Structure formats: C-alpha cells, structure tokens
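In case you want the letters, here they are:
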Amino acid sequence: MTQTLARSRNVVAIIGLGLLAAITFGFSALSAEAQTAPFNTQMQVGSRGSQVTLLQQTLGADQTLYPQGLVTGYFGSLSKSAVMNFQARYGISQVGRVGPQTLAKLNQIYGSGSGPINTGDIDAPLFLTANVFMSSTTATASWNTSEAATGRIYYSTSPLTYTETNGLPIVSGNVVATDSINRTAQSVALSNLSPNTTYYFMFVVSDQSGNVSVTWPSTFRTNAQ
C-alpha cells in the first residue's frame with residue numbers, strides 16, 4: 001500500500017490518525033483479548049494486523065514455541081517457525097501457516113484463557129502521528145508514539161522492502177535514526193535530497209522491552225527548485 005503525500009511547495013505531508021490506525025501493524029492488543037485468543041483469520045508469511053499481533057503475544061508467552069517473543073504484527077520467518085513449533089507439539093502438519101486445523105487448535109488451547117499468558121510488556125508502541133515536512137532538498141520527519149520509544153525513518157527513491165529479524169526489521173534504503181533516548185516525540189532531518197523527486201519512506205519504533213511497530217511504506221515528493 002502506498003499513500004502519495006502532498007506535492008505543493010511548503011505543504012506539510014501528514015499521515016492522518018485514521019490511516020495510521022489502518023497501516024500500523026505493530027499495535028497493541030488488549031490483555032483480555034490475549035487471554036481469550038479469538039483467532040478467526042488464517043495467517044501466513046506476509047500477513048499483518050491484529051490477528052498476527054495476538055498470535056505473537058500468545059505463542060510468545062511460551063518460550064519453547066516462540067523464544068524470540070517479538071510482537072510486531074507482521075508474520076515473517078520467526079512467526080512461521082513459532083507456528084511450526086506449535087504444529088509439531090499438537091501433531092499438525094508443520095507447514096508454518098495458520099490454516100483451519102491450526103486455527104481450531106489455537107482456539108481450543110487458548111480460547112478459554114487457560115493457556116500461558118505473557119505478563120511482561122508485550123504491547124508495541126502505537127503511532128499517534130507521523131509527519132513529513134518537505135522542501136526542495138531537505139525534509140523533516142516527526143512522529144509521536146503512545147509510549148517512550150526509540151525510532152528511525154527509512155527512505156529511498158526506490159520502493160522499500162523489509163525482512164523480519166530478531167529485533168528491528170531489516171529495511172532497504174537509507175536510514176536516519178534518532179538518538180538512543182526513549183521518548184514519545186521524535187524528529188529527524190533528511191538532507192541532500194533531490195528536488196522534484198518521489199521518495200519512499202517508513203517509520204520503525206521500538207520500546208524498551210523490544211516491542212516493535214512499523215508503518216507501511218508510503219511516499220513523499222520533494223518540491224521543485
């Protein structure tokens with residue numbers, strides 16, 4: 001999904017809160033939701049959203065299933081491995097995909113709230129705002145999160161790709177990172193940009209417990225000189 005931002009000179013490019021709610025896939029799930037585990041969506045590598053978040057929270061409570069315990073809302077290679085561990089435990093074909101059989105078993109095991117629940121910090125920070133202020137050769141990116149976190153913005157003139165890892169995802173493109181201070185308001189400068197050029201960008205934040213939130217790649221276009 002790509003959202004084209006404003007192109008006129010000195011216009012602020014803003015991702016609205018409603019859009020952020022739809023595209024931020026590292027968002028928090030309520031503790032009660034994790035306890036009842038109402039799984040109703042099939043999942044596989046590339047899936048994202050609240051069901052993936054819930055899956056990671058639930059399996060992450062058991063280190064023998066999901067030792068990394070990352071809650072990102074993105075179903076990548078680590079989530080696939082965790083699902084395969086779950087499938088092996090309960091005699092389901094180890095395909096690493098949450099299909100009908102795995103869904104049924106997840107709800108059987110965790111649906112009553114009797115399964116293991118991670119009582120630590122498993123909620124990833126929510127994006128409240130994410131803005132890009134543009135000129136011809138520079139831009140300023142700023143964002144706010146629901147809890148203190150470190151953050152960074154990745155940007156490139158080519159479409160971005162990302163891969164799930166033990167920690168922050170690997171993202172193609174240039175990166176501008178903030179300092180190491182955890183805080184709810186972040187701002188970084190992007191310099192040496194080409195005028196009248198489309199840039200792809202995405203934000204990545206991580207709280208002190210290592211929970212990660214990522215926005216889907218979007219675009220902004222610098223002004224002409």
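Attention in this report is confined to the structure presented alongside it.

### Some words on the environment of Thr138
Then, in step 1: Looking at the secondary structure, you find Thr138 in the loop between strand 2 (127–134) and strand 3 (139–156).
Then, in step 2: With relative accessibility at 37%, the residue Thr138 sits in the partly exposed group.
Then, in step 3: Not counting chain neighbours up to four residues away, the residues in contact with Thr138 comprise Phe133, Leu190, Ser191 and Leu193.
Then, in step 4: At 2.7 Å, the side chain of Thr138 and the side chain of Ser135 are in polar contact.

### Examining the packing of aromatic side chains
Then, in step 1: Taken as a whole, this structure holds eight aromatic pairs when the rule is applied.
Then, in step 2: Three or more aromatic residues link up through ring pairs in this structure, and these residues are Phe127, Trp143, Tyr155, Tyr199, Phe201, Phe203 and Phe220.

### Some words on helix 5 (residues 100–110)
Then, in step 1: Of all the positions in helix 5, only Thr102, Leu103, Lys105, Leu106, Ile109 and Tyr110 are classed as buried. Along the axis of helix 5, the buried residues cluster in a sector spanning 165 degrees; they form a single face. Facing away from the buried side of helix 5, by more than 90 degrees, are the exposed residues Pro100, Gln101 and Gln108.

### Observations regarding the environment of Gln208
Then, in step 1: Its location among the elements puts Gln208 in the loop between strand 8 (198–206) and strand 9 (212–214).
Then, in step 2: The class for Gln208 is exposed, based on a relative accessible area of 68%.

### Some words on unusual backbone geometry
The phi torsion of most residues other than glycine is negative, and most of the peptide bonds are trans.
Then, in step 1: At Asn192, a position not held by glycine, the phi torsion is positive, near 55 degrees.
Then, in step 2: Here Asn192 is to be found in the loop between strand 7 (183–190) and strand 8.
Then, in step 3: A positive phi angle, near 55 degrees, is found at Asn196, a position not held by glycine.
Then, in step 4: Position of Asn196 among the secondary structure elements: in the loop between strand 7 and strand 8.

What counts, and at which threshold
- Residues numbered from 1 in each chain as written.
- Predicted model: local features only at pLDDT ≥ 70, side-chain atom pairs only at ≥ 80, totals over all residues.
- Heavy atoms only, no water.
- Helix = DSSP H or I, 4+ residues; strand = E, 2+ residues; numbered from the N terminus.
- Buried < 20%, exposed > 50% of the residue type's maximum accessible area, 1.4 Å probe, protein only.
- Contact = heavy atoms within 4.5 Å.
- Polar contact = N/O pair within 3.5 Å; in protein donor to acceptor, adjacent residues only side chain to side chain.
- Phe/Tyr/Trp six-rings, centres within 6.5 Å; stacked < 30°, edge-to-face > 60°.
- Arc of directions from axis to C-beta.

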